[in-house]
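# Observations on the model geometry
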Amino acid sequence: MIEHDIVFKGTRNGIVVTFNKECDFESIKAALEKRLSKSKTFFKNSKIFIDFSGSNIDELHQRYVSDMILKDYGISVHNVEHNRQKAFNGTYEGKTKFLKDTIRSGQSINYSGNIVVIGDVNAGGEVIAGGNIIVLGALRGMVHAGKYENEKAVIAAFALQPTQLRIASIISRAPDGLVVKPRYPEIAKVKDGSIVIEPCAPNKLL
Amino acid sequence: MSVAYVVTSGKGGVGKTTTTANLGTALARAGKKVAVVDADTGLRNLDVVMGLENRIVYDLVDVIGGLCRLKQALIKDKRFDGLYLLPTAQTKDKTSVRPEQMQKLVEDLKKDFDIVLLDCPAGIERGFENAIAGADKAIVVTVPEVSAVRDADRIIGKLEAKGLTEHQLIINRHKVDMAKRGDMLNIDDMIDILSIKLLGVIPDDEKIIISTNRGEPVVTDETSPAGRAYGNIARRLLGEEVPFMNLEPNGNAFRNFFKKFFSIR
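It should be emphasised that the depicted structure is a prediction, and the values quoted were computed from it without experimental measurement.

Within chain A, the regular secondary structure consists of 5 helices and 17 strands. Evaluated residue by residue, chain A yields a buried proportion of 44% over its 206 residues. Within chain A, residue pairs in contact and separated by at least 24 positions form 35% of the contacts whose partners lie at least 6 positions apart. Summed over all atoms, the accessible surface of chain A reaches about 11700 Å², with 52% contributed by carbon and sulfur.

Structure, rendered in structure tokens:
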């Protein structure tokens, strides 16, 4: 299983490392260590490119991997610069990741485009997107839309009851007091510098 | 075909050890050959709950270290035919065991036993990794408290990430009155959050404390509601369809009927 998670390809620019985007940080780290330790002398003092785009690994962990590889194997890691615009063209269009499972506590999903979760996002779980976040279920965890400072991003859910909502750099939480379960789908967007929540279909309400 | 279940929860103190001891006992009484394994190295409790602690000579860490054979470490419970305990060490800790070693141990146990129950420690670190290493299915135990449900959710996520997708839930220490008043999470809310099949509900029962202190699993006590609930769960594990117990205290069933009839709130 580890063998197929990671592929070293020789290109005109040097060696590019791509990996299975479904994998989490721990599996990628293990696969890289296994592969690099096999050919330590071959790679030493060389330069490799790692393609992190579209994966679940956030910037902090990307830097951790790059630093670890430099320290342990003497290889300098460069990020393959994927044009961010390819993944995300504002909040009306763009690449979207579809997750057909419930996001459980402790799980973190990170993507540069939009994210659609067909299931719940449980408390303690995180969804972080460069674009919009749509949850076809109960949103009980933490979500961050428009992470590249895009205040036009929106968050919508069947039952919007998150621990925290973030759009771009604005953070918002539910009002103190008893949490009332919402009875209809709602959408959160930025208006005049703060996050407001509106019903998705206002005309349907009596 | 032998099956290995891991009894896990994430949160500590919700009843994993009690559940392992009682289910093991009930399954043995139903005629199965059962091995209950304590995977909480360093903080062993399964031996105490089963009343077998003064019979421990060798333990799981000795077996893995090659100091003794598996059969030498297994303790036969003389009260119940077919029930064996594999205790763990109290003077070592969880770094003494590796997941691959546990996996081999469970495979060896499955050769001689119909059912293996692994009592998982609290947490998500090495102890947890060790306990799930050889398991085929999981039993997740929780109590109706927000923090416990949060941890159970985390654990289910970790189980699924490891490929253990056959899991069921036991809700322990359920208090009917509190749930009805809305002071306690009710069963439907918990299933809604956890999205997991319900194996059974154990009512809060003082007799659990008494039985633990005596080292006699409560499932042997006919008068204990918790004991009867554990018995039902064992039967469900063996494939029988057992309806969920009505946990209303005696007399309320009649009053509730009247309430419904006259629409009294």
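Next, the rest of the story.
With that settled, the discussion passes to the packing of aromatic side chains. All told, the structure shown has 1 aromatic pair over all chains when counted by the stated rule. Positioned over the ring face of B:Phe113 is B:Lys33, at 5.0 Å from the centre of the ring.

A few words now on the side chain of B:Gln168. Residues and elements named next belong to chain B. Within the secondary structure layout, glutamine 168 lies in strand β7 (residues 167–174). You can call glutamine 168 buried: its relative accessible area is 18%. Here the side chain of glutamine 168 touches lysine 197 through a polar contact of 3.1 Å, side chain to side chain.

With that settled, consider the sheet that holds strand β4 (residues 83–86) of chain B. Strands belonging to one sheet form pairs held by backbone hydrogen bonds; the direction of such a pair is parallel or antiparallel. Residue and element names in this part refer to chain B. Ordered by their spatial adjacency, 8 strands build an open sheet running β3-β4-β2-β5-β1-β6-β7-β8, and the pairing between neighbours is mixed. Each of the sheet's edge strands pairs with one partner strand only, and the pair in question is β3 (75–76) and β8 (197–203). Relative to β7, strand β6 (residues 137–142) runs parallel, the two sharing 5 bridges. Looking at β7, one finds that valine 140 is bridged to leucine 169. Here helix α1 (residues 16–29) sits on the sheet and contacts β1 (3–8), β2 (34–38), β4, β5 (115–119), β6 and β7; the angle it forms with β5, its principal contact strand, is near 165 degrees. Its contacts with the sheet place helix α9 (residues 187–194) against β6, β7 and β8, and it is angled at close to 145 degrees to β7.

With that settled, the discussion passes to the interface of chain B and chain A. The interface is formed by 10 residues belonging to chain B together with 11 residues belonging to chain A. For the pair chain B and chain A, the two sides together bury roughly 850 Å², of which 35% comes from carbon and sulfur. On the chain B side of the interface with chain A, the three residues burying the most area are B:Arg150, B:Asp153 and B:Arg154, jointly 50% of the side's total. Taken together, the connections running from chain B to chain A amount to 3 salt bridges. A:Arg104 is paired through a salt bridge with B:Asp153; the nearest N and O atoms lie 2.8 Å apart. At the junction of chain B with chain A, the criterion picks out 6 residue pairs in polar contact (both at pLDDT 80 or more). Put simply, the parts of the chain that give the side of chain B that touches chain A at least two residues each are α7 (146–161) and α9 of chain B. In terms of residue count, α7(B) provides more of the side of chain B that touches chain A than any other element does, 6 residues in total.

All names here are of chain B. Counting 45 residues, the largest nonpolar core has Leu86 and Leu109 as its most contacted members. Apart from the residues within four sequence positions on either side, leucine 109 is in contact with Ala35, Val37, Leu70, Leu74, Leu86 and Val116. If you look at the next biggest cluster of nonpolar residues, it comprises 38 residues, including Ala26, Leu117, Val143 and Ala226.

Our next topic: the pairing of strand β10 (residues 126–129) of chain A. Residue and element names in this part refer to chain A. Where strand β8 (residues 108–111) and β10 come together, 4 bridges link them in parallel fashion. By the bridge assignment for β10, asparagine 110 is matched with isoleucine 128. For β10 and strand β12 (residues 142–145), the ladder comprises 3 bridges, and the chain directions are parallel. Paired with isoleucine 128 across the two strands is histidine 144, which belongs to β12.

On to the environment of B:Leu164, then. Residue and element names in this part refer to chain B. Looking at where leucine 164 falls in the secondary structure, it is placed in the loop between α7 and β7. For leucine 164, a relative accessible area of 4% translates into the label buried. Residues leucine 164 and isoleucine 193 lie 29 residues apart in sequence; the distance between their C-alpha atoms is 19 Å. Sequence-distant contacts of leucine 164, defined by excluding residues within four places in its chain, comprise Ile132, Ala135, Asp136, Lys137, Ala138 and Leu159.

Cut-offs and rules
- Residue indices follow the written sequence of each chain, beginning from 1 at its first position.
- Key to labels: chains lettered from A, ligands numbered from 1, both in the order written.
- Residue-level local features of this predicted model are given only where pLDDT is at least 70; pairs of side-chain atoms are given and counted only at 80 or more, and the full residue set underlies all totals for whole chains, interfaces and linings.
- Excluding hydrogens and water, the side-chain values take into account all heavy atoms of the structure.
- In this text, helices come from DSSP runs of H or I with a minimum length of four residues, and strands from runs of E with a minimum of two, each type numbered from the N-terminal end.
- When accessible area is computed with a 1.4 Å probe and restricted to protein chains, residues below 20% of their type maximum are described as buried, those above 50% as exposed, and intermediate ones as partly exposed.
- Note on contacts: a residue pair qualifies if any of its non-hydrogen atoms lie within 4.5 Å across the two residues.
- Here, Shrake-Rupley sampling with a 1.4 Å probe gives the accessible areas, and only protein chains in the shown set may cover a residue.
- Between 30 and 60 degrees the pair is tilted, below 30 it is stacked and above 60 it is edge-to-face, where a pair is any two Phe, Tyr or Trp rings, Trp via its six-membered ring, whose centres lie within 6.5 Å.
- By definition, being over a ring means that NZ of Lys or CZ of Arg is both within 6 Å of the ring centre and within 35 degrees of the ring normal.
- Each polar contact in these results corresponds to two N or O atoms within 3.5 Å; when the atoms are within protein, one needs to be able to donate a hydrogen and the other to accept it, and residues that are neighboring in sequence are counted only if both atoms are side-chain atoms.
- Only when DSSP finds a minimum of two bridges between them are two strands counted as paired.
- The axes used here are C-alpha line fits, helices contributing only the stretch in contact, and every angle between their N-to-C directions lies in the interval 0 to 180 degrees.
- As used here, buried area is the combined drop in accessible area, with a 1.4 Å probe, of two parts when they are placed together.
- Basic side-chain nitrogens of Lys or Arg form a salt bridge, by our definition, when they fall within 4 Å of a carboxyl oxygen of Asp or Glu.
- We call a set of buried Ala, Val, Leu, Ile, Met, Phe, Trp, Tyr and Cys residues a nonpolar core when their side-chain atoms join them within 4.5 Å.

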